[in-house]
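What follows is each chain in one-letter form.
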There are 2 protein chains.
Amino acid sequence: MQVVVPFAVDSPKTRLSPALTPDERRAFARAMLADVCEAIRDAGAEPTLLATAPVDLDVGADVRIDDRPLSRAVNAVLSAAGERRDPEAVAVVMADLALATPAALDRLFGADGDVVLAPGRGGGTNALVARHPDFRVDYHGASCRDHRRIAREVGADLTTVDSFRLATDVDEPGDLAEVLLHGGGRSRAFLEDVGFELATTDGRVTVERRPGDASG
Amino acid sequence: MQVVVPFAVDSPKTRLSPALTPDERRAFARAMLADVCEAIRDAGAEPTLLATAPVDLDVGADVRIDDRPLSRAVNAVLSAAGERRDPEAVAVVMADLALATPAALDRLFGADGDVVLAPGRGGGTNALVARHPDFRVDYHGASCRDHRRIAREVGADLTTVDSFRLATDVDEPGDLAEVLLHGGGRSRAFLEDVGFELATTDGRVTVERRPGDASG
């Protein structure tokens, strides 16, 4: 299965700016990407990096450059597969799924359906599999709803994968606790190295950063 | 399977106070509870309400009253089952899992293991199954980690269920978007009735409340 991992090379993870410096965000995004690519390979698939610019990364993935916005770049891949009437499915897995495991990806890749969606928190679509030549993506807004509608419109059978690991994209400071609790090796190690640790509150566990490691 | 649903009768959902009045929080908590109990019954199990005080609710569940803190009240149930050397498992499912479906609960109830955990966001334990006589709960802090440790200490085989629906407890205003996107019938209808609708942002979808329906 062709597994496309979109990656914004130049401006990764701006919504993490309250917690991490630009250099840290860049390094953390690459750590998550490496964890995601490893989980994809361990699930028996081959990741292809869909990067917005040339990038020198050793994450064990082929690289395809496309500087267009996310949905257009992904749709170019889906369109090419559809034109080939390619029996092979195309999967799209976001690069910030730091909790993704081979088992969670196996459930995604192995699910039946012309279109398989893994919803993300806040209405997103964190991962999908497309086996229908006419299915296209639209990642703006509540994309999970839009993708259900698009699947209906093209007559594609739809399956949803119910996975906490695939639902957890790491976009905001509050998400860092999930990486420390459940995350992949490089992502978690990065956060620990720069001083993050879990902080217990009356509600959900959050993170705090040790003095002396504060970002500039 | 005995499925215990803890429910705080008098002070439900205080962390939702920025979004809902006390009366609304009370009504919303009851709507979520009714959705959860229905999903449990539709999964073929019988819910028992573990309530902090007598409560007049028509949610199709037996009621057990225990005014002690959550962990002590749940441990009393586990201890009683353990003393009976009861071959039947005890499940504990939180009352604010407004996204729970019979399919998600089937995965929980049907998973092998002396202890089965469904982690919640922020380190919590939103649902579990205990089949080991010595397993006990401790819901304070990062309970998911503590429950893994407790299972190890008593020699119980541990299984984790990876479910977005079971990971999503509804505690904070930001969680309301998930109810509108994926939630059960009564919970979603309640929020729609009091004026909440989805609001698209640059990041995750959130909620906004229509003017004229403002709380307070």
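As the structure is a prediction and not an experimental result, all values here were calculated from the model.

The rules behind these values
Residues numbered from 1 in each chain as written. Chains lettered and ligands numbered in written order. Predicted model: local features only at pLDDT ≥ 70, side-chain atom pairs only at ≥ 80, totals over all residues. Heavy atoms only, no water. Helix = DSSP H or I, 4+ residues; strand = E, 2+ residues; numbered from the N terminus. Contact = heavy atoms within 4.5 Å. Areas by Shrake-Rupley, 256 points an atom, 1.4 Å probe, with all protein chains shown as cover. Axes fitted to C-alpha atoms, helices over the stretch in contact; angles between N-to-C directions. Parallel < 35°, antiparallel > 145°, perpendicular 65-115°, else oblique. Nonpolar A, V, L, I, M, F, W, Y, C, P; charged D, E, K, R; others polar. Pairing = 2+ DSSP bridges. Salt bridge = Lys/Arg side-chain N within 4 Å of Asp/Glu carboxyl O. Buried < 20%, exposed > 50% of the residue type's maximum accessible area, 1.4 Å probe, protein only. Least-squares fit on C-alpha atoms with pLDDT ≥ 70 in both. Buried area = accessible area lost by both parts, 1.4 Å probe. Polar contact = N/O pair within 3.5 Å; in protein donor to acceptor, adjacent residues only side chain to side chain.

A. View of the overall build of chain A. When its secondary structure is counted, chain A shows 7 helices and 9 strands. Here the C-alpha coordinates of chain A stretch approximately 55 × 40 × 30 Å along the principal axes. Here the contacts in chain A between residues at least 6 apart in sequence split such that 60% fall between residues at least 24 apart. In the form shown here, chain A has an accessible surface area of approximately 9,000 Å², with 45% of it arising from carbon and sulfur atoms.

B. Structural view of the packing of helix α1 (residues 22-42) of chain B against helix α7 (residues 185-193) of chain B. Residue and element names in this part refer to chain B. Between α1 and α7, the least distance of the axes is 7 Å, while the angle of their chain directions is 155°. Judged by the angle between their axes, α1 and α7 are roughly antiparallel. Contact with α1, carried on its side by Glu24, Ala27, Phe28, Ala31, Met32, Ala34, Asp35 and Glu38, involves Gly185, Arg186, Ser187, Phe190 and Leu191 of α7 and no other residues of that element. Its residues placed into classes, the contact of α1 with α7 shows 7 nonpolar, 2 polar and 4 charged.

C. Molecular detail of the sheet that holds strand β7 (residues 158-160) of chain A. All names here are of chain A. As summarised here, the arrangement of the 7 strands in space is β3-β2-β1-β4-β6-β5-β7, forming an open sheet in which the pairing is mixed. With partners counted over all chains shown, the strands left at the sheet margins are β3 (62-65) and β7, one partner each. The average angle at which neighbouring strand axes cross in this sheet is 25°, direction not considered. Bridge analysis of strand β5 (residues 115-119) against strand β6 (residues 125-130) gives 5 bridges, and the strand direction is antiparallel. Each bridged residue has a counterpart across the sheet, and for Val116 the counterpart in β6 is Val129.

D. Representation of the pattern of salt bridges in the model. Counted by the stated rule, this structure contains 32 salt bridges over all chains. The salt bridge partner of Arg204(B) is Asp169(A), with a shortest N-O separation of 3.1 Å. Taken together, the positions of Arg204(B) in the loop between β8 (196-199) and β9 (206-209) and Asp169(A) in the loop between α5 (164-167) and α6 (176-182) put the pair across two chains. The exposure class of Arg204(B) is buried, given its relative accessible area of 10%. Here Lys13(B) and Asp171(B) are joined by a salt bridge, their closest N and O atoms 2.6 Å apart. Linking Lys13(B) in the loop between β1 (2-7) and α1 with Asp171(B) in the loop between α5 (164-167) and α6 (176-182), this pair joins segments that are 158 residues apart in sequence. Lys13(B) sits in the buried class, given a relative accessible area of 15%. Among the residues examined, Asp171(B) registers a relative accessible area of 13% and is labelled buried. Look at the salt bridges and you will find they share partners, linking Lys13(A), Arg15(A), Asp96(A), Arg121(A), Asp169(A), Asp171(A), Glu172(A), Asp175(A) and Arg204(B) into a network.

E. Just the relation of the copies chain B and chain A, in detail. It takes a turn of 180° to lay chain B on chain A, together with a shift of 0.0 Å along the axis; the resulting RMSD is 0.0 Å. Within this description, the copies of the chain are treated as partners about a two-fold rotation axis. The share of interface residues of chain B whose copies in chain A are also at the interface is 100%, consistent with both copies meeting through the same surface.

F. A look at the interface of chain B and chain A. Contact with chain B, which involves 32 residues of that partner, is made by 32 residues of chain A. Note on chain B versus chain A: buried area summed over both sides is about 2,700 Å², and carbon and sulfur give 49% of it. Interface area lost by chain B to chain A is led by Arg121(B), Asp162(B) and Arg204(B), which between them contribute 29%. In this structure, the connection of chain B to chain A is made through 8 salt bridges. Viewed at the interface, chain A and chain B are joined by 20 residue pairs in polar contact (both at pLDDT 80 or more). Elements with a minimum of two residues in the side of chain B that touches chain A: α3 (102-110), α4 (143-153), α5 and α6 of chain B. With 4 residues, the top contributor of residues to the side of chain B that touches chain A is α6(B). Class assignment of the residues belonging to the side of chain B that touches chain A gives a composition of 10 nonpolar, 9 polar and 13 charged.

G. Fine view of the sheet that holds strand β2 (residues 46-51) of chain B. Residue and element names in this part refer to chain B. Spatially, the 7 strands line up as an open sheet ordered β3-β2-β1-β4-β6-β5-β7, and their pairing is mixed. Edge strands, defined here as strands with exactly one partner in the open sheet, are β3 (62-65) and β7 (158-160). Adjacent strand axes in the sheet meet at a mean angle of 25° when their direction is disregarded. Pairing between strand β5 (residues 115-119) and β7: 3 bridges, direction parallel. In the sheet register, Val115 faces β7, and the bridge partner there is Leu158.

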